[in-house]
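# Residue-level structural notes
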Amino acid sequence: MVDEQAAFNRSSMDQFHNYAAKADEEDELKGFRDYFLLPTQNGREKIYFLGNSLGLQPKTTSEKISSVLQQWHELGVEGFFKGNKPWLDLHSSLAEKLAPIVGALPSEITVMNQLTVNLHLMLVSFYKPIGRRRKILCESKAFPSDQYMLQTHLSFRGFDPEDIIAEVTPADPESNISTGDILTAIEKYGDELALVFIGGINYYSGQLFDMQAITTRAHKAGALCGFDLAHAAGNVFLDLHKWDVDFACWCSYKYLNAGPGAIAGAFIHERYHRDQNISRFGGWWGYPSDDRFIMKKEFVAAESAEGWQLSTPSILLYACHEAALEIFAEAGMAKILSKGLALSSFLLRIIDEINKRRINTIKILTPRETNQRGCQVSISIPGIGKKVFDHLTAQGIFADWREPDVIRVAPVPLYNSFTEVARFGEALEEAIVEVSGDRL
Ligand SMILES: *Cc1c(COP(=O)(O)O)cnc(C)c1O
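First, a word on scope: everything that follows refers to the structure included in this document. (Residues numbered from 1 in each chain as written. Predicted model: local features only at pLDDT ≥ 70, side-chain atom pairs only at ≥ 80, totals over all residues. Heavy atoms only, no water.)

## A word on the overall build of the protein chain
What counts, and what does not: The helix and strand labels rest on DSSP assignments: H or I over at least four residues marks a helix, E over at least two residues marks a strand, and numbering proceeds from the N terminus. For the radius of gyration, the atom set is restricted to C-alpha positions; the globular benchmark scales as 2.2 Å times the number of residues to the power 0.38. Three labels apply to residues, based on accessible area from a 1.4 Å probe with only protein chains included: buried if under 20% of the type maximum, exposed if over 50%, partly exposed otherwise in between.
Counting its regular elements, the protein chain contains 13 helices and 17 strands. Against the 2.2 N^0.38 benchmark of 22 Å for 440 residues, the protein chain shows a C-alpha radius of gyration of 23 Å, consistent with a compact globule. Projecting the C-alpha coordinates of the protein chain onto the three principal axes gives extents of approximately 90 × 60 × 30 Å. When each of the 440 residues of the protein chain is scored for burial, the buried share is 54%.

## Quick look at the sheet that holds strand E8 (residues 165–168)
Counted only if it meets this: Being paired, for any two strands, means DSSP has found at least two bridges between them. Helix axes use the C-alpha atoms of the stretch in contact, all axes being lines fitted to C-alpha atoms, and the angles between their N-to-C directions lie in the range 0 to 180 degrees.
Sheet architecture is open: seven strands sit in the order E6-E12-E11-E10-E9-E7-E8, paired in mixed fashion. Where the open sheet ends on each side, the last strands, each with one partner, are strand E6 (109–111) and E8. Strand-to-strand twist of the sheet, defined as the mean angle between neighbouring strand axes without regard to direction, takes the value 20°. Here three bridges tie E6 to strand E12 (residues 265–268), and the two strands are oriented antiparallel to one another. Within E12, the residue paired with isoleucine 109 across the bridge is phenylalanine 267.

## Some thoughts on the pattern of salt bridges
For clarity, the cut-off: Salt bridges, as used here, are contacts in which a Lys or Arg side-chain nitrogen is within 4 Å of a carboxyl oxygen on Asp or Glu.
Summed over all chains, the structure comprises 27 salt bridges. Two residues, glutamate 26 and lysine 22, come together in a salt bridge whose shortest N-O distance is 3.6 Å. In this pair, glutamate 26 and lysine 22 are both assigned in helix H1 (residues 4–26), four residues apart and thus about one turn of the helix distant. Taking the relative accessible area as the measure of exposure, glutamate 26 reaches 55% and is therefore exposed. The shortest N-O distance in the salt bridge between glutamate 353 and arginine 357 comes to 3.4 Å. On the criterion of helical spacing, the pair formed by glutamate 353 and arginine 357 is a turn pair, its members being four residues apart in helix H11 (residues 333–357). Assigned by exposure class, glutamate 353 and arginine 357 land together as buried. A single network of salt bridges, built from pairs that share partners, joins Glu353, Lys356, Arg357, Arg358 and Glu429.

## Notes on the environment of threonine 179
Cut-off, in case you're wondering: In what follows, a contact means two residues having at least one pair of non-hydrogen atoms within 4.5 Å.
Tracing the backbone shows threonine 179 in helix H7 (residues 179–189). Classification of threonine 179 as buried rests on a relative accessible area of 16%. Setting aside anything within four residues of it in sequence, one finds threonine 179 in contact with Phe209, Asp210 and Ile214.

## Overview of the nonpolar core
We count it as follows: Here the nonpolar core consists of buried residues drawn from Ala, Val, Leu, Ile, Met, Phe, Trp, Tyr and Cys, with membership extended through side-chain atoms lying within 4.5 Å.
Grouped together as the largest cluster of nonpolar side chains are 73 residues, with contacts concentrated most on Leu137, Ile186 and Trp250. Listed in part, the 34 residues of the second largest apolar core include Met13, Leu347, Leu348 and Leu428.

## A few points about the packing of helix H4 (residues 115–126) against helix H5 (residues 144–156)
Under the convention used in this document: The labels follow the angle: roughly parallel below 35 degrees, roughly antiparallel above 145, roughly perpendicular from 65 to 115, and oblique for the rest. Whether a crossing is left-handed or right-handed is set by the direction in which the near helix is turned from the far one by less than a right angle, anticlockwise for left-handed and clockwise for right-handed.
One can describe the packing of H4 onto H5 by two numbers: an axis separation of 10 Å at closest approach and a directional angle of 40°. With respect to H5, the axis of H4 lies oblique. With respect to the hand of their crossing, H4 and H5 are arranged in right-handed fashion. Every residue of H5 that contacts H4 at Thr116, Leu119, His120, Leu123 and Val124 is listed here: Ser145, Asp146, Met149, Leu150, Thr152 and His153.

## Here we look at the site of the ligand
Short version of the rule: Proximity is defined per residue: any heavy atom of the residue falling within 4 Å of a molecule or strand makes that residue near it. Polar contacts, as counted here, are pairs of nitrogen or oxygen atoms within 3.5 Å of one another; within protein the pair requires one atom able to donate a hydrogen and one able to accept it, and residues that are adjacent in sequence qualify only if both atoms are side-chain atoms. Residue burial considers only the protein chains on display, and all accessible areas are found by Shrake-Rupley using a 1.4 Å probe.
The environment of the ligand is formed by Leu115, Thr116, Phe143, Asp146, Asp228, Ala230, His231, Cys251, Tyr253 and Lys254. Between the ligand and histidine 231, the relevant distance is 3.1 Å, taken from an oxygen atom to a side-chain nitrogen or oxygen of the residue. The separation between an oxygen atom of the ligand and a polar side-chain atom of tyrosine 253 is 2.6 Å. Look at the ligand: alone it shows 390 Å² of surface, and the protein chains cover 83% of it.

## Digging into unusual backbone geometry
With an omega of 0°, the peptide bond between glutamate 403 and proline 404 qualifies as cis. Although it is not a glycine, lysine 141 adopts a positive phi angle of roughly 55°. When you line up the elements, lysine 141 lands in the loop between strand E7 (135–139) and H5. In this structure, methionine 295 is a non-glycine residue whose phi angle is positive, near 60°. For methionine 295, a relative accessible area of 55% translates into the label exposed.

Listed below in structure tokens is the structure:
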């Protein structure tokens, strides 16, 4: 007997593949895949949808590292000042390339340390409790490191974290926190709020918040406003300077491809740069660079985001960061952002189609609105999610599993293709069929 349903299903998957082939053909960024080293499984390139966890390695990274090693070999400590790329100049070259990615002036960016460390440093400067204004508003179920950072930072400063941390929860417990929920909470706490601190994109759901609206409302309430941009930098449109954000921090190993444990970035709005009285943890690398080596006794801060630096940076990590940022500069943020959205929109369309045929097996956690997401789509498949996930992994299709039952799928614009998204969709349906004993 001819299975008509199977034939119908087959034909709609074929349509997706046709669409994907055409979209890849027209993709202005298609050549960029070749700039990266793709992991393989059984001799085939993996479908790697994990750029939200650890972005892939640019082919130029090892050359950049080698040239630092070479300079160290040839010049020793003079490498800081001499050679075709003196190490002291590298920071400004990184900040310039990051500026269009986060929407900041280069002087508002510093490349230093790692994300959680930088969040502590930002809180030293931007958590300024005064009288009854002492609360920090953050999202419930923030990334664990952010929660631990807040708890331990507050305890260190003599506060009871429970007293200080106010969490925004979703109005509808079944759904995500909305920007509206955050704005309402800001109103509610009003003059008790010292700081609003939110993940610009929620790492779990992939939901993007309206950072401009949140910043404006926080300022109106008399609070400062900062963001964790771990899942936003390189993935969604950011305009931190214009939005008037006070500070922001991000890591560079997710969408920014700077490698495991990469050197991170921080944004500090220029209105703070000349404030020598702002509290901060200082170090000699925060001293104005022209006079840094005069070694004076009193600390003076450089009048830029560099004033928040402490230590001699790892030039090797700078090199990794630079390799990837050159690719971003060549591709241009506008194209990167629009392809990221096109990939996730395509993925959503395929999932919708699977749901039509399989009575809503897949729950989509990421908002559909293109101003509320980047390239990540988070799904859950109640009851069989883990088995489906394992099935995909065994076939060389890599997404990310998060307990209790979420699969995060991030096709990224620089090295993923529409065809990979179509192949993912097809494999996803096959895995559901296989695991649930349904039929194609
Ligand atoms: C990835 C991520 C981190 C990781 O912090 P590190 O200090 O880089 O290890 C922190 N916060 C959020 C929201 C993240 O997504």
